[in-house]
Amino acid sequence: MDCSPAKTRDPEKWLRTAPEVSRPLAHEVRERLLRWEPDLTESIKWNMLCLSGRKLVCGLSACKKHLGITFFRGTEIHDPQAMFTPNERSTNIRSIKVRSLDGFDLRALRQMLAAAVSLDAFPALPPPPRGPRREDWPMPPALEEALARNRPAADFFNELKPSYQREYNVWIGTAKRAETRDARLRQTLAALRAGKKWARRKDA
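Residues numbered from 1 in each chain as written. Predicted model: local features only at pLDDT ≥ 70, side-chain atom pairs only at ≥ 80, totals over all residues. Heavy atoms only, no water.

K.L.:
Which parts of the structure should I look at to understand the overall build of the protein chain?
P.N.:
Regarding its fold elements, the protein chain presents seven helices and five strands. The linear arrangement of helices and strands in the protein chain, starting from the amino end, is α-α-β-β-β-β-β-α-α-α-α-α. Relative to its 204 residues, the protein chain shows a buried fraction of 37%. Long-range contacts, defined here as pairs at least 24 residues apart, represent 58% of the contacts in the protein chain between residues at least 6 apart. Within the structure as shown, the protein chain displays about 12300 Å² of accessible surface, and the carbon and sulfur contribution to it stands at 50%. (Helix = DSSP H or I, 4+ residues; strand = E, 2+ residues; numbered from the N terminus. Buried < 20%, exposed > 50% of the residue type's maximum accessible area, 1.4 Å probe, protein only. Contact = heavy atoms within 4.5 Å. Areas by Shrake-Rupley, 256 points an atom, 1.4 Å probe, with all protein chains shown as cover.)

Take a look at the structure:
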């Protein structure tokens, strides 16, 4: 994702420092969300402007080329206008990419927000059945290349269960900057050579 790294926990500063393209979209959508559901509270988590009731309801991601609108229980929200991004890997979270509000269905967005708030008001209700969790997060090319050059690390990685392999794949694959990815890759190789799973990588 082409979103800027987290720099603040202040929603106002987050808006001021958002990328040029998504900044006005973030201002407009945030104002509407809070007007529609004024009891929601704001916070910054994972560099997202999050709105919460009892739990997290939705969030805004200010990216370089679009604004992301995330619903944390999105799989439980009816989406008749097909606004959610298709083929997302998460079993719960669904998101919408907004590049312009011209022609964007704000009425549908308001209905989805109302549905999300209703779900939040009754957290004890069980969610609908979900499909099996995906363990096959694709291996990042950087990790694949590194393992090809490091047989001891590759051997231990191949012995791991898919769920443990996935932890390393996600950790490296979600790095937003090259220097972050490279640092995680070095730590990963050291941990794998030492026979450590991701949760114990710092012990290597």
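And the narrative resumes.
K.L.:
Can you help me understand the environment of Arg186 in this one?
P.N.:
Relative to the helices and strands, Arg186 is located in helix α7 (residues 178-193). Judged by relative accessible area, which is 57%, Arg186 ranks as exposed. Linking Arg186 and Ala146, residues 40 residues apart in sequence, is a C-alpha distance of 9.2 Å.

K.L.:
Whenever I open this one, α7 confuses me. Can you help?
P.N.:
What sets the pattern is the α-helix's 3.6 residues per turn: residues three or four places apart point alike. Between the first and last C-alpha of α7 there are 22 Å, a value that for 16 residues agrees with the 22 Å anticipated at 1.5 Å per step. Just downstream of α7, Gly195 is the residue with a positive phi angle, here 75°. (Expected span 1.5 Å × (residues − 1).)

K.L.:
Would you take a moment to explain the packing of aromatic side chains for this structure?
P.N.:
For any pair of aromatic rings, the description consists of the separation of the ring centres together with the inter-plane angle of the planes. Throughout the structure, instances matching the rule amount to three aromatic pairs. Relative to Phe72, the ring of Trp46 has its centre 6.3 Å away and its plane inclined at 50°; by these criteria the two rings are tilted. Residue Trp46 is found in the loop between β1 (41-45) and β2 (48-52), and its partner Phe72 is found in the loop between β4 (67-71) and β5 (94-98); the two are separated by 26 residues along the sequence. Judged by centre distance (6.1 Å) and plane angle (75°), the rings of Trp171 and Trp198 are edge-to-face. Placement of the pair is Trp171 in helix α6 (residues 162-173) and Trp198 in the segment after α7, with a sequence separation of 27 residues. With a relative accessible area of 25%, Trp198 lands in the partly exposed category. In this structure, Arg201 is placed above the aromatic ring of Trp171, and the distance from its NZ or CZ to the ring centre is 4.5 Å. The ring of Trp198 has Arg201 sitting right over it, with the charged end atom 4.0 Å from the ring centre. (Phe/Tyr/Trp six-rings, centres within 6.5 Å; stacked < 30°, edge-to-face > 60°. Lys NZ or Arg CZ within 6 Å of the ring centre and 35° of its normal.)

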